[in-house]
Amino acid sequence: MKPDLFQAPDYYLLDDLLTDEHKLVRDSARAWVKREVSPIIEDYAQRAEFPKQIIKGLGEIGGFGPYIPEEYGGAGLDQISYGLIMQEIERGDSGVRSTSSVQSSLVMYPIWKFGTEEQKMKYLPKLATGEFMGCFGLTEPDYGSNPSDLVTNYKDMGDHYLLNGAKMWISNAPFADIAVVWAKNEEGRIHGLIVERGMEGFTTPETHNKWSLRASATGELIFDNVKVPKENLLPGKSGLGAPMMCLDSARYGIAWGAIGAAMDCYDTALRYSKERIQFGKPIGGFQLQQKKLAEMITEITKAQLLTWRLGVLRNEGKATTAQISMAKRNNVDMAINIAREARQMLGGMGITGEYSIMRHSMNLESVITYEGTHDIHLLITGADITGIPAFK
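Residues numbered from 1 in each chain as written. Predicted model: local features only at pLDDT ≥ 70, side-chain atom pairs only at ≥ 80, totals over all residues. Heavy atoms only, no water.

- Under an unreviewed UniProt entry, the name given to the protein chain is glutaryl-CoA dehydrogenase (ETF), and the source organism is Flavobacterium solisilvae.
- What the UniProt record of the protein chain gives under Sequence similarities (unreviewed entry) is the line "Belongs to the acyl-CoA dehydrogenase family."
- Database annotation for the protein chain, UniProt heading Catalytic activity (unreviewed entry): "glutaryl-CoA + oxidized [electron-transfer flavoprotein] + 2 H(+) = (2E)-butenoyl-CoA + reduced [electron-transfer flavoprotein] + CO2". (UniProt positions renumbered as here; feature names shortened; annotations may be inferred.)

**Here we look at helix α3 (residues 79–92)**
Part 1 of the argument: In this model, α3 (14 residues) spans 20 Å end to end at C-alpha, consistent with the 20 Å of a helix rising 1.5 Å per residue.
Part 2 of the argument: The buried count for α3 comes to 14 of 14 residues, which makes it a mostly enclosed element.
Part 3 of the argument: For α3, the N-terminal cap is aspartate 78; the gap from its side-chain oxygen to the backbone nitrogen of isoleucine 80 is 3.4 Å. (Helix = DSSP H or I, 4+ residues; strand = E, 2+ residues; numbered from the N terminus. Expected span 1.5 Å × (residues − 1). Buried < 20%, exposed > 50% of the residue type's maximum accessible area, 1.4 Å probe, protein only. Polar contact = N/O pair within 3.5 Å; in protein donor to acceptor, adjacent residues only side chain to side chain.)

**Regarding the UniProt feature "domain: Acyl-CoA dehydrogenase/oxidase N-terminal" (unreviewed entry) in the protein chain**
Part 1 of the argument: The UniProt entry lists residues 19–131 under the feature "domain: Acyl-CoA dehydrogenase/oxidase N-terminal" (unreviewed entry), expressed in the numbering used here.
Part 2 of the argument: Secondary structure content for residues 19–131 is 73% helix and 0% strand, and the end C-alpha separation is 30 Å.

**Points about the layout of surface pockets**
Left-over empty space is what a probe sized like a water molecule reveals as it rolls over the atoms.
Part 1 of the argument: Within this model, the largest pocket holds a volume of roughly 1200 Å³.
Part 2 of the argument: As for the largest pocket, its lining consists of 40 residues, of which Thr139, Gly144, Tyr370, Glu371 and Gly372 are closest to the centre.
Part 3 of the argument: Secondary-structure elements contributing two or more residues to the lining of the largest pocket are α4 (94–114), β3 (160–171), α6 (241–275), α9 (357–367) and α10 (374–386).
Part 4 of the argument: Each pocket or cavity is described by its volume, and for the second largest pocket that value is around 550 Å³.
Part 5 of the argument: Forming the walls of the second largest pocket are 25 residues, and the residues nearest its centre are Lys2, Pro3, Glu354, Tyr355 and Ser356.
Part 6 of the argument: Among the secondary structure elements, those contributing two or more residues to the lining of the second largest pocket are α1 (20–47), α3 and α6.
Part 7 of the argument: Counted by class, the lining of the second largest pocket contains 9 nonpolar, 5 polar and 11 charged residues. (1 Å grid on protein atoms, 1.4 Å probe; cavity = no way out; pocket = protein on both sides within 12 Å on 5 of 7 lines; lining within 4 Å. Points joined across faces, edges and corners; volume = space filled by probe spheres on them. Nonpolar A, V, L, I, M, F, W, Y, C, P; charged D, E, K, R; others polar.)

**Focus on the packing of aromatic side chains**
Part 1 of the argument: Applying the stated criterion across every chain yields a total of 11 aromatic pairs.
Part 2 of the argument: With 5.0 Å between their ring centres and 85 degrees between their planes, tyrosine 67 and tyrosine 82 make a pair best called edge-to-face. Placement of the pair is tyrosine 67 in the loop between α2 (55–60) and α3 and tyrosine 82 in helix α3, with a sequence separation of 15 residues.
Part 3 of the argument: We classify tyrosine 82 as buried; its relative accessible area is 0%. (Phe/Tyr/Trp six-rings, centres within 6.5 Å; stacked < 30°, edge-to-face > 60°.)

Structure below.
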């Protein structure tokens, strides 16, 4: 088992823009990842298994809803702290960050923003510690980029709702205690429902044979005449805008997380370039390898500046959906390109589990697709600057 020697790059002294609290939160998460994730993650990825024993630790470092107010079990931190935690967790593994950000932005966030006081008190404190784990049901077998056409639906049966439909590509589904499910009522309006494990007709079959996010549990949500209590409806907001607000929060976290994956690949390649000798000197002394490294650190630095500014805007309540889309798209694209270049620098060793690069590269193939594909985010920016939607 190789020691985790990661050293985070900070070429533009961005630490100077962070508060002492930001740095404490980040450093605590970084130390936890080095101690609890790095030593085991390659083995779990090879076995395609999520390491459930880390759930308690994720809760302790603020990995679950760090911006949720303290009265509901959260840490009451700001958006930059949330981003830094996601950065450090994804530096360890994108699948672990997926578990964390789904719980935070797609489960806790809608309950906090759209739920009743009773729902908040019932679920949020246990979700914050990891005693309860959750998942988010929006994507369906036939509807991904166009969720407005979803077919999962519920009917008012008087004393309860009757829910039918299916969701797929759902992170955390196989072990989730609750699911925040988006479904249409009899008028065709989208609402959020909290579905609990154990409700008759609710099943969560696991998705197997993934080449990406192998250390993350993915599954389906199947609803076959599930009786959902009426008090489990999220009353605060309806329509597609409700799940889209959740996705804004999740995409923001991904923009930070992708930087973590990129930094890990860069740091690995930089260290390797100083140790690997060819033609009588370290490969880091050759121009083409220096070109790769110089471009990596440039792109990471640009992404850090972009995302820090977005965090400030989020804290001020000014960040737009289109701005978040730009950061998600740019940063994941940046990370996947760095992973590819770093893998080439390591040659054959780059495909082995002795190094993290190939795992990051495979993981990022999912990250560039979920929470809005690379192309969809491009069209969101295009629609924003021209005023002309090009989705249809």
